[in-house]
Amino acid sequence: MQAVKTVIYLDVLLLVNFLAGYFLLLAAGLLSGSEARVPRLLAASGLAALAALILFAPELPYPVQILYKLGSGAAVVWVAYGRRGIRRFLCTVFWYVTLNLLLAGLALLVITQTGVPFVQTNNLAVYLRVSPLLLLVLAGICCLAVELALRVFGRSDHPAENIGVELELCGTKVCLRAALDTGCHLKDPITCLPVLLVSYPDAETRLPRPLREFLDNWFDGHPPTEPPEGLHLRLIPCTTAEQASLLPGFAVGRIALISAQGILPLDRTAVAFSRQSFGSEKYEALYGSDFL
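Just so it is clear, the structure is predicted and the values come from calculations on it, not from any experiment. Throughout this document, residue positions are counted from 1 along each chain, in the order its sequence is written. The model is predicted, so local features are restricted to residues of pLDDT at least 70 and side-chain atom pairs to those at 80 or more, both for listing and for counting; the totals for chains, interfaces and linings are taken over all residues. Only heavy atoms go into the side-chain values, all of them from the structure, while hydrogens and water stay out.

### Regarding the overall build of the chain
Across its full length, the chain carries seven helices and eleven strands. The classification of residues rests on relative accessible area computed with a 1.4 Å probe and restricted to protein chains. Under 20% of the type maximum is buried, over 50% is exposed, and intermediate values are partly exposed. For the chain, the residues scored as buried account for 40% of the 292 residues in total. The criterion used for residue contact is that any of the two residues' heavy atoms lie within 4.5 Å. Restricting the contact set of the chain to residue pairs at least 6 apart, pairs at least 24 apart contribute 67%. For the accessible areas, the method is Shrake-Rupley and the probe is 1.4 Å, while residue cover comes only from the protein chains on display. Taken as a whole, the chain presents about 16,200 Å² of accessible surface, with 62% of it coming from carbon and sulfur. Counting from the N terminus, the helices are the DSSP runs of H or I reaching at least four residues and the strands are the DSSP runs of E reaching at least two.

In structure tokens, the structure reads:
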């Protein structure tokens with residue numbers, strides 16, 4: 001009996017894995033509460049497509065295969081979402097890997113139901129001889145199912161709307177109240193981590209005097225040449241519907257969450273100041289959904 005050979009088209013393999021990776025990364029971000037810009041998602045999807053080429057490599061020892069799968073999955077998530085706290089990063093990796101397994105399970109279900117038994121595996125990579133369009137539809141179904149489930153049952157992983165935040169500025173401990181704003185996506189250009197946005201008029205009385213003098217001069221159009229002692233100036237890009245601007249910001253020693261369990265350090269190192277008041281007596285700062 002002549003052996004049946006499966007012909008794999010490299011361009012189709014890369015394109016399908018690129019698009020499927022994009023959908024699965026979107027779904028993993030939704031489940032873990034992470035957000036990423038389209039260029040980062042595209043770059044991560046490209047890396048996911050390249051990772052599938054391990055299918056053509058000589059068979060590796062099983063421990064190496066496991067390490068490759070875990071390492072490539074973590075690298076794809078890191079390119080897409082960055083390292084926004086180790087717990088959130090690991091959560092995103094978990095959902096990305098789980099959704100990959102779910103997609104493979106759906107494809108295998110289609111194969112068993114249609115009687116198409118051609119499956120090729122190597123180095124924990126699986127090639128299923130089904131329509132590339134079907135795989136993309138299944139990947140889209142995974143992403144759509146996650147979005148619908150979150151809309152129906154709510155996004156329980158979102159932080160509380162209002163939180164207490166403690167940070168150190170000019171050697172002085174400052175406590176602020178912050179509110180969740182899902183449209184707040186400020187990033188530190190050095191670390192690429194989310195930034196806490198503080199209204200200077202609302203928080204002015206809580207800030208140390210050297211910082212107040214610096215910000216007064218800055219917003220009056222006369223920015224000092226040197227930041228207050230102990231602070232490192234950051235220019236934080238801010239884009240709104242009306243304009244794009246640079247906000248004065250500072251790298252701080254630490255930012256911590258004030259909770260019922262005590263003071264919990266956050267993996268955030270920068271704060272930016274706005275000259276506009278937020279118009280509320282309940283908070284002086286805003287944070288995005290990816291801040292905690």
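### A look at the environment of Ile 263
Inspection of the secondary structure assignment puts Ile 263 in strand 9 (residues 262-266). Ile 263 sits 98 residues away from Val 165 along the chain, and the two C-alpha atoms are 8.9 Å apart. In contact with Ile 263, other than residues within four places in its own chain, are Glu 166, Arg 254, Ala 256, Leu 257 and Ile 258.

### Here's the deal with the environment of Leu 233
Along the polypeptide, Leu 233 turns up in strand 6 (residues 232-239). Spatially, the C-alpha atoms of Leu 233 and Ala 251 are 6.7 Å apart, while their sequence positions differ by 18 residues. Beyond its immediate sequence surroundings of up to four residues, Leu 233 is in contact with Phe 214, Trp 218, Pro 227, Gly 249 and Phe 250.

### Some details on the pattern of salt bridges
The rule for a salt bridge is simple: a side-chain nitrogen of Lys or Arg has to be within 4 Å of a carboxyl oxygen of Asp or Glu. Tallying each qualifying case throughout the model produces five salt bridges. A salt bridge links Arg 177 to Glu 284; the shortest N-O distance between them is 2.3 Å. With Arg 177 in strand 4 (residues 172-180) and Glu 284 in the loop between strand 10 (270-274) and strand 11 (285-287), this pair connects stretches of sequence that are 107 residues apart. Residue class for Glu 284 comes out buried when judged on its relative accessible area of 3%. Glu 213 serves as the salt-bridge partner of Arg 209, at 3.1 Å between the closest nitrogen and oxygen. Here Glu 213 and Arg 209 lie together in helix 7 (residues 209-219), a separation of four residues that amounts to about one turn. Take Arg 209: its relative accessible area is 57%, and that puts it in the exposed class. The structure contains a network of salt bridges with shared partners spanning Arg 177, Arg 206 and Glu 284.

### A word on the sheet that holds strand 5 (residues 196-199)
Only strands that DSSP links by at least two bridges are regarded as paired with each other. With mixed pairing, the nine strands of this open sheet are ordered in space as 6-7-10-5-11-4-3-8-9. The two strands at the open ends of the sheet, each matched to only one other strand, are strand 6 and strand 9. Between one strand and the next, the sheet's axes are offset by a mean angle of 35 degrees, whatever the strand orientation. Here strand 7 (residues 244-251) runs beside strand 10; their pairing, made up of three bridges, is antiparallel. What sits directly across from Ala 251, in strand 10, is Ala 270. Note on method: axes are straight lines fitted to C-alpha atoms, helices fitted across the in-contact stretch only, with angles between N-to-C directions ranging 0 to 180 degrees.

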